[in-house]
Amino acid sequence: MSSDEKPAAAPRSLAEALRARDDASLSALLRSRPDLITPVPTDLTQLATRAGTRASVVRALERLDRFALQTAEALAVAADPAAYAELLALMAGDEGEPAVAAALPRALGTLREQALVWGGDDRLRLVRTARELLAPSAQHPSPTGLGPTVQEATAGMSPGRIQEIVTAAGLPSTHDSVSAVASLTALFGDRVRMAALLADVPDDSLDVLDRLVWGPPYGQVTADPAPRLRRLLDRGLLLPTAPGTVVLPREVALHLRAGRAHRTPEPVPPAVEPAATHRAQVVDATAAGQAYTALATVEELLKDWDEGGPTVLRAGGLSVRDLKRTAVALDVSEPVAAFWVELAYAAGLLASDGDVEERFAATPAYDEWRERAAADRWARLARAWLSATRTPGVVGGRDAKDRTLSALGPGLDRSAAPEVRRRVLSLMAGLPEGAAPAVESVLARLRWERPLRGPQRDHDLRERLARWTLSEAELLGVTGRGALSAHGRALLGAPPAPAPARPAGSAGPGDKLPVHHHHRADAGEPGAASPTPMSAAEQETAAADAARLLAPLLPEPLDHVLLQADLTAVAPGPLQRPLADVLGVLADVESKGGATVYRFTPASVRRALDAGRTAADLHAFLAQHSRTPVPQPLAYLIDDVARRHGHLRVGAASAYVRCDDDALLNEILADKRSAGLRLRRLAPTVLATPADPATLLEGLRAMGYAPAAESAEGDVLIARADSHRTPPRTAPEPVPDGPPVPDTTLLSAAVRAIRAGDLASTAPRRPTASAPADGDLPRTSSAETLATMQAAVLTGEALWIGYVNAEGTAGQHVIAPIRVEGGFVTAYDHTADEVRTYPLHRITGVAELEPDAG
C-alpha cells in the first residue's frame, strides 16, 4: 500500500458491507436467498433492509446446516461485535478442538455469504433480527442452554444487593452499580480467579451448578433457600430473576463448560453408512425388472379405467372404496395403489374428465405415451416423480381441518418433497457402486443438514419424505436392492460412483467404468442440503441418458405365446402391443409374474366376438402367434361359442328377444331363472320384456345363452368398448418451496439493476441552496430543469433527476443527457444501463453530481 492510499474503512452497516462486495458475491447471496430478489431491490440499502426482515432471516436460518447454525447461535451469545478469536473460543472451547477450528471458516463463510453476518474478523456482527431470534431469553431458551449475562440478569436488582454480591465474591466495593457489574463480569470471565472462587464452594453447591450448566439455566428456589443455594446466591453464581426463580449467569456457565457455547459441536456431517453392498450388475438388473413392473402396473391401472374410472368426490379425489378396489385390481396394498395413481396423475397420464358426472380417466397424452419405447415411458414417469410435490404417502392422513386426505384430491402437495427426494438420491450417489445405505444414517445426515428449528411436524415430515423416497425409488426401479442403479444415477445427473475398495492391483484390463455426462450431485460437500436445481433442458437430457442406460436391460417384447391344452396361454415375457391388446380381450389374466398366464373361457371368447371378431379371425390369430399347435379343446371352445353367438337377438321394446328357433324361446320361457326378466311372447319367434336391453343381455348370458345385441334396423351391434379420454390436460405443476432459485441470466440482470440503483441513490450531489434532504427527490422549476439539461448536453456531465412515471410512481435516476428537444430529453440512464427518453414535464427536478461521482 502506498503512502497515499488509506486502508478501507470498516463497514458501519450491512448495506455498506454489501456495497463492498463484488458482483459474484452479490449473485451468490441472491442465489442462496432467492426471496431477496422478488421483486428486485432498487438499491443495496433496500437489499440490506430486506435481508434483515424477520421472515427472510427465519427462512435463511432454517436452511443452514447444523454447524453453521451452531456458529450463528454462538455469535448470538458473544459480544456485539465479536472478534474471530472470541467466536473460535466459544466453538472450540479452551482445549481448542482441531476439527471445530478447521470447520469454522467454512461455517462463517456461509453466514457471511447469506448476509447473516457482516464485518471483518475483528468486528463480526450477527444481523440484529438473527440475534433477536437466537439470543437466550426466559421465553425463548437458546439451543446453547446459556442464560443471560451478569449485566442482563442484574438489570432490575437494587444497588445495595449488587454491592453485597461483589463483596461476598471477594471484590472491592464500588461507588455505582455499573462498575460493580463490570467488576463481577470480569471476575467470572477470568479463568484463574474463577477457579479460585469455585475452590471455596462446597461439593453440594457445585452439584447445583452442574445441573444447570448445560441448560436450562433457570431453577426454582423457596423464599428461604437451603444453605447450598444460599452460598451460590451470595457470591452471584446464581442470580434471582423473579420471585422463586434463579438463573445461572452466562459467564459462570461458560467457565464451567471450559468456554464452549455448545455441549457437542458438530463440525463434520455424519457419514452415510452402507448397510449392504451388491454387484453393480445385480443392482441394475433388479432395478430394471422393477422398472418394467412399474410400466406394466401403470398400464394395467389405466387400462382398468379405459372406459372411465371412478367418480370424483364432491370435495375432489378418489373415495376410500375406489382406492381399495384399485388396490385389489393391481394386487397391491392401498398405500402402494395410491402411489401408482398419483404417479400417473403427476406424469399427466390421468386426470378428471370435467363432465357433469365427473370421473377420472386417461388423458390423450396416455395414448401417445403408450406408443413410446419402454425406456422412454419409464423416464417420463421417473422424471415426473422426481419433481412432483404431490406426496402419496400422506393419503389417509388428516389435514388442518381434520378432513381425510384422499388420493388425487387436494391438500397432498408438500413443497419440500422434490428437494428431499433429490437429496436422498444424491447421498446414495456418494456411496460406492452397488452400496445400499443404512436408513438411519441417511436420516441422521438429513437432520444435520437441516436441523430442527421449525415446528416438530415439519421435521417429522422431512424424515417421512426421506423414508417414502427410499421405498418409492425401489418401486419405480430407480434403485435396486436398496442401491442406486446406473440409470437412476443418470436421471439424477450425478457423477460416476466412487469405486468400491478392492485389493491393490486387482483391477483388470477388462474393467468397465461408468460414463456420465452430468455432474450435479454434491453429496460429499458439507452442508450441501440443496443440490443445485436442474433446468428443464438439463432434466430432459438426464432423462434421455437414463432411458439409454435402461433400454438394454429391459426385456424385448415377444410376438408369440405358448398355448396349452388346459385352455391357458403362457406369455414368457412382455408382449408386443397388438398381441397384448387382442389377447387381453380374448382371454382373462390368471396370474402375473415373470410369465403371464391367460385363461380362455366362454365369456372371454364371447367378449372377443362381441368386439367384432369372427371365429375364423380368432383361429388365424392363435395359429399365427402360438409357438405350439392350437389345442383341440380351445378350437372347440371358440367354435362352440361362435355357433351360439348371435343366435338370439336382443333389441328395444323396452327390450325383446327374437329367434328363428321357437323351441329355444320355449326353453327360455320354461326356465325358472328367466322369471325375473318378466318375458312374454309377442310372436312365435319374439319375446318381449319391460327390462332394458343391457339387463336382458346380462340375464340371458347368466343363464348360459350367448345372445347378440341388434340395432333398430336388425343388424348385429358390435360391442366394442370406446376408450374414454379426458380433454387435453397438463400435468399438475409442482408447488414451489418459496421463490424459485434464479438462473444466471436473471442474477446478472438483477445485480446490474441493484448496482445502478445504488449509484443513483448514493452518488454525491453538488451542494446548492435548494439541495434536497436525504431520501427526497430533487425539486427545481421547469426553467431550471431545462437549462441544466441543456448545459449537461454540452458538458457531458451526469445529472441526478427525480421522475414520476405514467403509473404515478416516483423514482430517481442518474442520467447523462444526449439531446433535449420537443419537450423530451434523451439520455443514457446509468440506473437502467440503457438509453431512454423522458418527458420533461414528468421530471420533478434535477441536481448536479460531484465532478468525480461518475
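Structure's up top.
Residues numbered from 1 in each chain as written. Predicted model: local features only at pLDDT ≥ 70, side-chain atom pairs only at ≥ 80, totals over all residues. Heavy atoms only, no water.

Caption draft 1: Examining the packing of aromatic side chains more closely. If you walk through the whole model with that rule in mind, you get 4 aromatic pairs. For the pair W305 and F360, a centre-to-centre distance of 6.5 Å together with 25° between the ring planes defines the contact as stacked. Here W305 is found in the loop between helix 16 (280-304) and helix 17 (320-330), whereas its partner F360 is found in strand 8 (residues 360-362), with 55 residues between them in sequence. Just as W305 is buried, F360 falls in that class too. Residues Y803 and Y838 carry aromatic rings whose centres are separated by 4.8 Å and whose planes lie at 70° to one another, so their mutual orientation is edge-to-face. Of this pair, Y803 sits in strand 21 (residues 799-804) while Y838 sits in strand 24 (residues 834-839); the two residues are 35 residues apart in sequence, bridging distant segments of the chain. Assigned by exposure class, Y803 and Y838 land together as buried. (Phe/Tyr/Trp six-rings, centres within 6.5 Å; stacked < 30°, edge-to-face > 60°. Helix = DSSP H or I, 4+ residues; strand = E, 2+ residues; numbered from the N terminus. Buried < 20%, exposed > 50% of the residue type's maximum accessible area, 1.4 Å probe, protein only.)

Caption draft 2: Broad picture of the pattern of salt bridges. Inspection of the entire model under this criterion finds 37 salt bridges. Salt bridges sharing common partners tie together R63, E419, R450 and R462. (Salt bridge = Lys/Arg side-chain N within 4 Å of Asp/Glu carboxyl O.)

Caption draft 3: The arrangement of unusual backbone geometry in detail. Cis geometry is found at the peptide bond from D80 to P81, where omega equals 0°. Within the secondary structure, P81 sits in the loop between helix 5 (66-77) and helix 6 (84-92). Residue G215 is joined to P216 through a cis peptide bond whose omega torsion reads -5°. Considering the arrangement of structural elements, one finds P216 in the loop between helix 13 (203-212) and strand 3 (218-220). Of note in this structure, A258 is not a glycine but carries a positive phi near 60°. As for its placement among the helices and strands, A258 is situated in the loop between helix 15 (250-256) and strand 6 (274-277). In this structure, D402 is a non-glycine residue whose phi angle is positive, near 65°. Secondary-structure assignment places D402 in the loop between helix 20 (374-387) and helix 21 (417-429).

Caption draft 4: Geometry of the sheet that holds strand 25 (residues 843-848). If you trace the 5 strands from one edge of the open sheet to the other, you get 24-23-22-21-25, paired in antiparallel fashion. Each having just a single partner strand, strand 24 and strand 25 make up the two edges of the open sheet. The sheet shows a mean angle of 45° between the axes of neighbouring strands, direction not considered. Each of strand 21, strand 22 (810-821), strand 23 (824-829) and strand 25 touches helix 33 (residues 782-795); the most contacted strand, strand 22, lies at about 60° to it. (Pairing = 2+ DSSP bridges. Axes fitted to C-alpha atoms, helices over the stretch in contact; angles between N-to-C directions. Contact = heavy atoms within 4.5 Å.)

Caption draft 5: Representation of a negative patch on the surface. A surface patch of like charges, here negative, comprises D660, D661, D662 and E667. Relative to the helices and strands, E667 is located in helix 30 (residues 662-670). (Patch = residues over 30% accessible without salt bridge, like charges linked within 9 Å, V, L, I, M, F, W, Y side chains within 5 Å. Areas by Shrake-Rupley, 256 points an atom, 1.4 Å probe, with all protein chains shown as cover. Lys, Arg positive; Asp, Glu negative; His and termini not counted. Charge placed at Lys NZ, Arg CZ, Asp CG, Glu CD.)

Caption draft 6: Focus on the side chain of S319. Residue placement: S319 occurs in the loop between helix 16 and helix 17. Relative accessible area serves as the criterion here: at 13%, S319 is assigned to the buried category. Within polar-contact distance, the side chain of S319 engages the side chain of D322 at 3.0 Å. (Polar contact = N/O pair within 3.5 Å; in protein donor to acceptor, adjacent residues only side chain to side chain.)

Caption draft 7: Just the packing of helix 16 against helix 18 (residues 334-346), in detail. Between helix 16 and helix 18, the shortest axis-to-axis distance is 10 Å and the interhelical angle comes to 85°. Comparing their axes, helix 18 and helix 16 come out roughly perpendicular. In this structure, helix 16 contributes A294, T297, V298 and L301 to the contact, and helix 18 contributes W340, V341 and A344. Class assignment of the residues belonging to the contact of helix 16 with helix 18 gives a composition of 6 nonpolar, 1 polar and no charged. (Parallel < 35°, antiparallel > 145°, perpendicular 65-115°, else oblique. Nonpolar A, V, L, I, M, F, W, Y, C, P; charged D, E, K, R; others polar.)

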